[in-house]
Amino acid sequence: MTVWAKAPPHGDPMGTLSDEHEYLTSGLTPVACAACTTEVLVRKASREHMSIQWQSSPADSCPEFAARVAAGELSARIDTCPRLREAIERAVATGAVAVPE
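Residues numbered from 1 in each chain as written. Predicted model: local features only at pLDDT ≥ 70, side-chain atom pairs only at ≥ 80, totals over all residues. Heavy atoms only, no water.

S.K.: Summarise the overall build of the protein chain; cite the residues concerned and give the values.
M.R.: Each helix and strand counted, the protein chain has four helices and three strands in total. Seen in sequence order, the protein chain has helices and strands lined up from the N terminus as α-β-β-β-α-α-α. Taken over 101 residues, the protein chain has a buried fraction of 26%. In the protein chain, the share of contacts with a sequence separation of at least 24, taken over all contacts with a separation of at least 6, comes to 38%. As presented, the protein chain carries roughly 7000 Å² of accessible surface, and 56% of it is formed by carbon and sulfur atoms. (Helix = DSSP H or I, 4+ residues; strand = E, 2+ residues; numbered from the N terminus. Buried < 20%, exposed > 50% of the residue type's maximum accessible area, 1.4 Å probe, protein only. Contact = heavy atoms within 4.5 Å. Areas by Shrake-Rupley, 256 points an atom, 1.4 Å probe, with all protein chains shown as cover.)

S.K.: Any chance you could break down the nonpolar core for me, citing the residues and the numbers?
M.R.: Counting 15 residues, the largest nonpolar core has Val31, Val42, Leu84, Ile88 and Val97 as its most contacted members. Secondary-structure elements contributing two or more residues to this core are β2 (39–44) and α4 (82–94). Examining the composition of this core, we find that five residues originate from one element, α4, more than from any other. Contacts of Val31, omitting those with residues within four sequence positions, involve Thr38, Glu39, Val40, Val42, Ala87, Ile88, Ala91 and Val97. (Core = buried A, V, L, I, M, F, W, Y, C linked by side-chain atoms within 4.5 Å.)

S.K.: Mind laying out the pattern of salt bridges, listing which residues take part and the relevant values?
M.R.: The tally for this structure, following the rule as stated, stands at four salt bridges. A salt bridge links Glu64 to Arg68; the shortest N-O distance between them is 3.8 Å. One end of the pair is Glu64 and the other is Arg68, both in helix α3 (residues 63–70) and four residues apart, which spans about a single turn. (Salt bridge = Lys/Arg side-chain N within 4 Å of Asp/Glu carboxyl O.)

S.K.: Provide a residue-level description of the sheet that holds β2, including the pertinent values.
M.R.: Pairing within the open sheet is antiparallel, and its three strands lie in the order β1-β2-β3. If you trace the sheet from one side to the other, it starts and ends with β1 (29–32) and β3 (50–54), each paired once. Averaged over all adjacent pairs, the angle separating strand axes in this sheet is 35°, with direction ignored. Of the strand pairs in this sheet, β2 and β3 are connected by five bridges, and their pairing is antiparallel. In the sheet register, Val42 faces β3, and the bridge partner there is Ile52. (Pairing = 2+ DSSP bridges. Axes fitted to C-alpha atoms, helices over the stretch in contact; angles between N-to-C directions.)

S.K.: Give me the pairing of β2: which residues, what numbers.
M.R.: With five of six residues buried, β2 lies mostly within the body of the structure. Both β1 and β2 contribute to a ladder of four bridges, which runs antiparallel. Bridging from a neighbouring strand, Val31 pairs with Val40 of β2. Here β1 folds back onto β2, and the loop between the two strands holds six residues, one of which, Thr37, carries a positive phi near 70°. Two successive antiparallel strands, β2 and β3, enclose a turn made up of five residues.

Okay, structure coming up:
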């Protein structure tokens, strides 16, 4: 087992699982694209940092992703759909997605 100096092994597996669940789910706000209604979960950690969690395969639910994947791009390398980005920016601007100070 690898021992990390700054992160020693955690002795409470349930605590570890609950920490992981908290990290993956807390602060997530649903945001729907105005163009195709695809819904993602968004969390802002700062003005610059944003996490987007898709609830379905982007290429299956977003026409922009579908077209780009059909053209040969890898879904994982596509940053995000411009229309979805606009919806997220609008949600941040209106306060629907909180930005910690």
